[in-house]
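Each chain is listed here by its residues.
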Amino acid sequence: MASTITTPAGLDDRVAARSVGARLLSRPEIGSLVGAAVILIFFAASAAPFRDINNTGTILYQAALIGVMAVPVSLLMIGGEFDLSAGVAVTTAGLTAGIFSYQLSVNVWVGMLVALAVALLVGAFNGWLLMRTGLPSFLVSLGTFFILQGLNIAVTRLTSGAVASNSISDMDGFSSAHAVFASQFKIGGITVKILIVWWLAFVAIAAWVLLKTKIGNWIFAVGGDAAAARAVGVPVKKVKIGLFMTVGFFAWFTGMQLLFVQNGVVQSGEGVGKEFLYIIAAVVGGCLLTGGYGSVVGGAVGALIFGMVQLGVVYAGWNPDWFKAFLGVMLLLATIVNLVVKKKAEAR
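The text that follows walks through the structure, step by step, so that each part is easy to find. Remember, predicted model here, so these are calculated numbers, not experimental data. (Residues numbered from 1 in each chain as written. Predicted model: local features only at pLDDT ≥ 70, side-chain atom pairs only at ≥ 80, totals over all residues. Heavy atoms only, no water.)

1. Re the overall build of the chain
From N to C terminus, the chain includes 15 helices and 2 strands. With 348 residues in all, the chain has 46% of them scored as buried. Contacts in the chain between residues at least 24 apart in sequence constitute 77% of all its contacts with a sequence separation of at least 6. Accessible surface, the chain: about 16,900 Å² in total, of which carbon and sulfur atoms supply 68%. (Helix = DSSP H or I, 4+ residues; strand = E, 2+ residues; numbered from the N terminus. Buried < 20%, exposed > 50% of the residue type's maximum accessible area, 1.4 Å probe, protein only. Contact = heavy atoms within 4.5 Å. Areas by Shrake-Rupley, 256 points an atom, 1.4 Å probe, with all protein chains shown as cover.)

2. Re the packing of helix 6 (residues 108–133) against helix 8 (residues 174–182)
With their axes 8 Å apart at the nearest point, helix 6 and helix 8 run at an angle of 50° to one another. Here helix 6 lies oblique to helix 8, going by the angle between them. On helix 8, the residues touching V108, W109 and M112 of helix 6 are F174, S176, A177, V180 and F181. Broken down by class, the residue content of the contact of helix 6 with helix 8 amounts to 7 nonpolar, 1 polar and no charged. (Axes fitted to C-alpha atoms, helices over the stretch in contact; angles between N-to-C directions. Parallel < 35°, antiparallel > 145°, perpendicular 65-115°, else oblique. Nonpolar A, V, L, I, M, F, W, Y, C, P; charged D, E, K, R; others polar.)

3. Concerning the packing of aromatic side chains
The geometry of an aromatic ring pair comes down to the distance between the two centres and the angle between the two planes. All chains considered together, the criterion is met by 15 aromatic pairs. When the centroid spacing of 5.9 Å and the interplanar angle of 50° are considered together, the rings of F42 and W318 count as tilted. One end of the pair, F42, is in helix 2 (residues 30–46); the other, W318, is in the loop between helix 14 (296–315) and helix 15 (322–347), with 276 residues separating them in the sequence. F42 gets classed as partly exposed once you look at its relative accessible area, which sits at 44%. W318 sits in the partly exposed class, given a relative accessible area of 40%. Taken together, a centroid distance of 5.7 Å and an interplanar angle of 35° make the contact between F43 and F50 tilted. The pair formed by F43 and F50 is uniform in burial state, with each residue classed as buried. Joined through ring pairs, the aromatic side chains of F174, F181, W198, F202, F249, F250, W252, F253 and F260 make up one cluster. The ring of Y61 carries the charged tip of K193 above its face, separated from the ring centre by 5.4 Å. (Phe/Tyr/Trp six-rings, centres within 6.5 Å; stacked < 30°, edge-to-face > 60°. Lys NZ or Arg CZ within 6 Å of the ring centre and 35° of its normal.)

4. A closer look at the pattern of salt bridges
In the structure shown here, the tally under the stated rule is 1 salt bridge. The partner of K240 in a salt bridge is E81, with the nearest N and O atoms 2.5 Å apart. Placement of K240 in helix 12 (residues 236–261) and of E81 in the loop between helix 4 (56–78) and helix 5 (86–104) is noted, with a sequence separation of 159 residues between them. Of the two residues, K240 and E81, both sit in the buried class. (Salt bridge = Lys/Arg side-chain N within 4 Å of Asp/Glu carboxyl O.)

5. What to know about the nonpolar core
The tendency in soluble globular proteins is for nonpolar side chains to be buried side by side. Counting 94 residues, the largest nonpolar core has M112, W252, M256 and F260 as the members making the most contacts within it. When residues in this core are grouped by element, the largest group, 14 residues, is from helix 4. Once residues lying within four places of it in the same chain are set aside, the contact partners of F260 are V108, M112, F174, A177, H178, F181 and A182. (Core = buried A, V, L, I, M, F, W, Y, C linked by side-chain atoms within 4.5 Å.)

6. A word on a nonpolar patch on the surface
Together, L135, F138 and L139 give the surface a local cluster of nonpolar side chains, amounting to about 280 Å² of exposed area. Inspection of the secondary structure assignment puts F138 in helix 7 (residues 137–160). Exposure remark for F138: the relative accessible area of 44% places this residue in the partly exposed category. (Patch = residues over 30% accessible without salt bridge, like charges linked within 9 Å, V, L, I, M, F, W, Y side chains within 5 Å.)

7. Digging into helix 5
Taking 1.5 Å per residue, 19 residues should reach 27 Å; helix 5 reaches 27 Å between its end C-alpha atoms and fits that length. With 15 of its 19 residues buried, helix 5 lies for the most part within the structure. One or two steps after helix 5, the chain reaches S105, where phi turns positive at roughly 55°. (Expected span 1.5 Å × (residues − 1).)

8. Brief notes about the packing of helix 5 against helix 13 (residues 274–284)
Contact geometry of helix 5 with helix 13 gives a least axis separation of 6 Å together with a crossing angle of 125°. Between helix 5 and helix 13, the crossing angle belongs to the class labelled oblique. Contacts between helix 5 and helix 13 pair A86, G87, V88 and V90 from the former with K274, E275 and Y278 from the latter.

9. Some words on the pairing of strand 2 (residues 190–193)
Of the two faces of strand 2, the one lined by I190 and V192 is fully buried and the one lined by T191 and K193 carries no buried residue. Relative to strand 2, strand 1 (residues 184–187) runs antiparallel, the two being bridged by 4 bridges. Directly across from Q184, in strand 2, lies its bridge partner K193. Where strand 1 hands over to strand 2, the hairpin turn is made up of 2 residues, of which G188 adopts a positive phi near 65°. (Pairing = 2+ DSSP bridges.)

10. A closer look at the side chain of T91
Mapped onto the elements, T91 comes out in helix 5. A distance of 2.6 Å separates a polar side-chain atom of T91 from the backbone oxygen of E270. Discounting residues that sit within four places of it in the chain, T91 has contacts with N152, V266, Q267, S268, E270 and G271. (Polar contact = N/O pair within 3.5 Å; in protein donor to acceptor, adjacent residues only side chain to side chain.)

11. Focus on unusual backbone geometry
With phi around 55°, S105 is a residue other than glycine that occupies positive phi space. What makes S105 exposed here is its relative accessible area of 61%. Residue N263 is not a glycine yet carries a positive backbone phi of 60°. Within the fold, N263 resides in the loop between helix 12 and helix 13.

See the structure below:
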């Protein structure tokens, strides 16, 4: 008796190959890459200094100033949280290292280690309070923002009698620390700040962790649905606290760069408002405000867009007041585009 073999009318959606277009649309950073290309072409056509290869290092440095902190902020947002204290935490780290070294007359590296401990404790406190109370991270980090802002000004006035820390440029360890955090070198005719190299290295490491490791899977899981992640064994508490401590580490690193690039002096009022720039870079790069979706590489592209626009406006000779208006428009457009792209990718 002959038997017939039937074949399914169509492939199961679960095993059907996705088109190249669908795979590209599923990448969170695709919108920011298109935006970066448009902005590059626009300013290259409208501002002659923007086309000067010697200004490339300056543009990249402006991007790196935001991009370094955009790395942990992107990770935190993918994990479903915010940190509004990130900007002033950078200043806290720089002030702690400078004040401790100056007041106790110790090697600058000792003050830097103390500052690292303080920065990690601030991050751990934010994460612990979030998990302990269940309050939104917006409120927890906003409280920390005001605490650090007040301490930065009050402690600086108490120790130096002014609104800036005392200079530590002539103290032991300053030169070696300056070489690590604020040196520069030339490639051809381009001056490259060491911060640019650190930024690219941090982006590469964070992207690898996010996409290739178990920790990266945990970050996506807790950002998408913390309860479901906990049910399958993801250590939600450790992941959330770890993400806030990561922000603390990068705040320390950026604070050290701030300290040494300003010749060992930090203004106590710096950092206010910078947290929004970090968040904007992450959102422009594809991170959703709801968590569970985003890209560290996208955050880097968002920071690059920031650097190109900030200097492009200057190079074009326009009123720099327009820059803040552009940031607002860019944030709204990026949020809308990210949502549309994500929905279209999920529908294919």
